[in-house]
Number of protein chains: 2
Amino acid sequence: MQSDLSGITNIALDAMGGDYAPAEPVKGAVDAVNVRDDIKIFLLGQEDVVARELEKYTYPKEQIQVVHAPEVIETAEPPVNAIRGKKQSSIVIGMNMVKRQEADAFVSAGSSGAVLVGGQVIVGRIKGIERPPLAPLIPTEKGVSLLIDCGANVDARSSHLVQFAKMGSIYMENVLHISKPRVAIVNIGAEEEKGNALVKETIPLLRALEDIHFVGCIEAREIPRGAADVIVCEAFVGNVILKLYEGLSSTLIGVIKKGMMSTLKSKIGAALALPSLKSTIKAFDASQYGGAPLLGLNGLVVKTHGSSKAQEITNAVYQCVTFKQQDINGKIRKNIIGSQEQK
Amino acid sequence: MQSDLSGITNIALDAMGGDYAPAEPVKGAVDAVNVRDDIKIFLLGQEDVVARELEKYTYPKEQIQVVHAPEVIETAEPPVNAIRGKKQSSIVIGMNMVKRQEADAFVSAGSSGAVLVGGQVIVGRIKGIERPPLAPLIPTEKGVSLLIDCGANVDARSSHLVQFAKMGSIYMENVLHISKPRVAIVNIGAEEEKGNALVKETIPLLRALEDIHFVGCIEAREIPRGAADVIVCEAFVGNVILKLYEGLSSTLIGVIKKGMMSTLKSKIGAALALPSLKSTIKAFDASQYGGAPLLGLNGLVVKTHGSSKAQEITNAVYQCVTFKQQDINGKIRKNIIGSQEQK
C-alpha cells in the first residue's frame, strides 16, 4: 500500500454500465474500498437506484460518493449521438470528471463505442499522441499479453503503430511489472518480407526504437503461447483477434463439455475432473486482470467487459491506482516528447 | 460413384511435401485408389524413395504412377526463387502437369508459399479472375465454414472480395453440398457503418449481387459458432483468423489436459472422459475435410496442412474428384463472364 507516497486515487465508476449493472459495479466498488484505504470511488448513476444497492453493504462511507447521472446510454445507441445527446449520462459525467481532474480515472462496463468516443472527444488526447489505442489484456499459456490496438479507429498509419508499441511497453513494464516486455507486431509470417504495406512500413521503425524490446513479427498462432508481451496491430486486426479469442474459447469449452456428457462413463469422469478443469479454465480468463485501458488520454479511461462481475470491476479499480502511482501518463508524455526531439 | 458419367480424375500428388513425407502422402494415395476406381494418381517425388514406400502396399497398379522429381523445395526457401530455380521439384512438375492438362489437380502438403506462387505463375488464373484466393475450411460448432482468402496476396481491393464471395459460394454449394450458402464479410461489428475502408466499400457491392446469399457482416466471435458458410475477408485478416484458430485450439486443449491431470481425482476423471473427449475434439478438426483449394486457377491446386496424415491426403484427393465432377471451374467461368456482361 503506497497511499502515503501518492495520496488518494479518485475513480469515477459507471454504476449503470454492463450486463449486471448496477449490482456488480456497486459490489465491485464496495469490495475495493473495503480492502484499500487509498481509493475514493464516485459511483455514477441514477441516485436512488445506486443508493438502494449500496444499502446492502457495510463499507467506509467516506470512500464512496454517489453522483447522480439520470440518463443511461444503451449499448445499441450510435456512440457519437449518445455522447452528444446525453450530457447527464454516467459516461459523459464520468469523462468530464476526468477532464476536470476531479477524478484520475473513469471505469465503465457500458457501451464500448460511447466509451471510446467519449475518451477521445471529452477527455482528449495527450499532446503528441496521434491516436488513443484500446489495449485489452488477453490470456496466454504463460499469463497475459497486451493487445494494442482493438479500438474503434481502423486503417492506422505506421506512426500510430509506433506509438502503440511505446505506450504498450510502458504499460506492461509499469502496471504489470514485466521487465523489458517483448514487443512484437502481428504479421502473416515470421519473415519480415511478408506482410501488408502497413506492417512492412512499420517493422523498420520499430526496429529503430531504442526504448522498447522489439522481438520482430508474431504470427497469430503464437499469440496464445505467450510469445510476446505487447502485441502491436491495427485496430481491425486487433478486434478480430480479441473477438475470435472470446468466441473460440467459449465454443471449444462448450464442445468439450458436451463431449464429456456423451456417455455415462465420460459423465462420471467429467464429474471427477470438473473442479480442476474449472480452475484451469479460470486461469485462462482475462477478466481477473481488470479492464482494457484506453491509453494516451489526459487521464485514464478503462473499459471492462460488458459481462463484468464485481471482481473484474475491483481489479479495474486497482489497475487505475497502479496507473496513477506509476505515473504512466507522465512516462508516456516523456517518451513522446523524447521521440519528438529525435526527429 | 460417378466414374461412368465423368470419367477418371487425374491427380498429381506431391509425395515429398509436408512433415510426414513421403510415408503419409504415399499411404493417402494408396488408400484413395483402394476405395475408388475413378481416380488416377501421379505420385511426384524422388523415384527410388517413392517406389520403396509404395512396395509396402497392395493396390491396383494402374491407378498409381510414379513421376520422378529429383529436386525438393524446402519450407524455408523463398517461394519465388524456389519455383524459378527448382524446375525438377515435385511442386513445379505437378503444377506443369495441371497447366498442360495432364492432371486435373495438384495436391501438396509442402511449402505454402511455393504452392501459392506456383499456382499463380505456372497454372495461371482463369481469365477474368483478378486474384486466386486460398480458401481453407475451418471447423465450427455446426460443421465447417470456408474462410476465403488466407493466401499470400494481402491488401486486396473490393473487386477481389466480390469475386471471393462468388467463388466461395459456388464451392460450398457444389463441393460441400450446402444449399444457398450464407455469405458474410468479416467486420468489427454487426452494423454496416463500422469497419475499415475496404469493408465499407465492399458491403454494398456484395449486397447488390443476386447470385449469392449475402447475410451481412460477421464478427470474429461468431465464426466458431458457424454463423456463416462462406467467410469473406482480405488475406491478412484471413491468415490471422486461420492461425489463431490453430494456435488457440491447441493451446486450450493443452491447458485443459493439464488441468485434468492436476489432482488424482481429476486424473481418474480424465481417464474415464478421455475417449468421448477425443472424438469430440476430432470433430472440431478441419483436416478430415481435405485441404484448402486455391480457387480461380486453370485447374485445381489444393494445399493440405504441413502436418497432414494419410487421411487428410485421401480426403483432399476425393475433394479434387468432386471439384472436377461438379465442374467448379466451369461454374466460376460462367459466373465471372455473367457478371462482366452486367457491367
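Fair warning: this is a prediction, and the values are worked out from it, not measured in the lab.

Conventions and cut-offs
Residues numbered from 1 in each chain as written. Chains lettered and ligands numbered in written order. Predicted model: local features only at pLDDT ≥ 70, side-chain atom pairs only at ≥ 80, totals over all residues. Heavy atoms only, no water. Least-squares fit on C-alpha atoms with pLDDT ≥ 70 in both. Contact = heavy atoms within 4.5 Å. Helix = DSSP H or I, 4+ residues; strand = E, 2+ residues; numbered from the N terminus. Buried area = accessible area lost by both parts, 1.4 Å probe. Salt bridge = Lys/Arg side-chain N within 4 Å of Asp/Glu carboxyl O. Polar contact = N/O pair within 3.5 Å; in protein donor to acceptor, adjacent residues only side chain to side chain. Axes fitted to C-alpha atoms, helices over the stretch in contact; angles between N-to-C directions. Parallel < 35°, antiparallel > 145°, perpendicular 65-115°, else oblique. Left-handed = near helix turned anticlockwise from the far one by under 90°. Nonpolar A, V, L, I, M, F, W, Y, C, P; charged D, E, K, R; others polar.

(A) Region of the structure containing the relation of the copies chain B and chain A. Structural alignment of chain B on chain A gives an RMSD of 0.0 Å, achieved by rotating through 180 degrees and translating 0.0 Å along the axis. What we have between these two chains is a two-fold relation. Of the C-alpha atoms belonging to chain B, the one lying closest to the rotation axis is found on B:Gly269, 1.7 Å away. When the interface residues of chain B are mapped onto chain A, 100% of them again fall at the interface, so both copies present the same face.

(B) The arrangement of the side chain of A:His160 in detail. With respect to the helices and strands, A:His160 occurs in helix α7 (residues 158-174). Sequence-distant contacts of A:His160, defined by excluding residues within four places in its chain, comprise A:Glu130 and A:Arg131.

(C) The interface of chain B and chain A, seen in detail. Residue-level contacts link 49 residues of chain B with 49 residues of chain A. Counting each side, the surface lost to burial between chain B and chain A is near 4700 Å², with a carbon and sulfur contribution of 76%. Per-residue buried area on chain B facing chain A is highest for B:Ile188, B:Phe236 and B:Leu244; these three make up 14% of the total on that side. Viewed at the interface, chain A and chain B are joined by 4 salt bridges. Here B:Arg221 makes a salt bridge to A:Glu246, at a shortest N to O gap of 2.6 Å. Connecting chain B to chain A are 6 residue pairs in polar contact (both at pLDDT 80 or more).

(D) Molecular detail of the packing of helix α2 (residues 23-35) of chain A against helix α3 (residues 47-54) of chain A. All names here are of chain A. Where α2 meets α3, the closest approach of the two axes is 10 Å, and the angle between their N-to-C directions is 55 degrees. One element, α2, and the other, α3, form an angle in the oblique class. In the packing of α2 onto α3, the handedness of the crossing is right-handed. Contacts from Ala23, Val26 and Val30 in α2 reach Val50, Glu53 and Leu54 in α3. Its residues assigned to classes, the contact of α2 with α3 shows 5 nonpolar, no polar and 1 charged.

(E) Inspection of the packing of α2(A) against helix α11 (residues 310-325) of chain A at higher detail. All names here are of chain A. The contact between α2 and α11 brings their axes to 7 Å, and the two run at 50 degrees. One way to sum up the angle between α2 and α11 is to call them oblique. At the point where α2 passes α11, the crossing takes the right-handed sense. Contact with α2, carried on its side by Glu24, Pro25, Lys27, Gly28, Asp31, Ala32 and Val35, involves Ala310, Ile313, Thr314, Val317 and Tyr318 of α11 and no other residues of that element. Taken together, the residues of the contact of α2 with α11 sort by class into 7 nonpolar, 2 polar and 3 charged.

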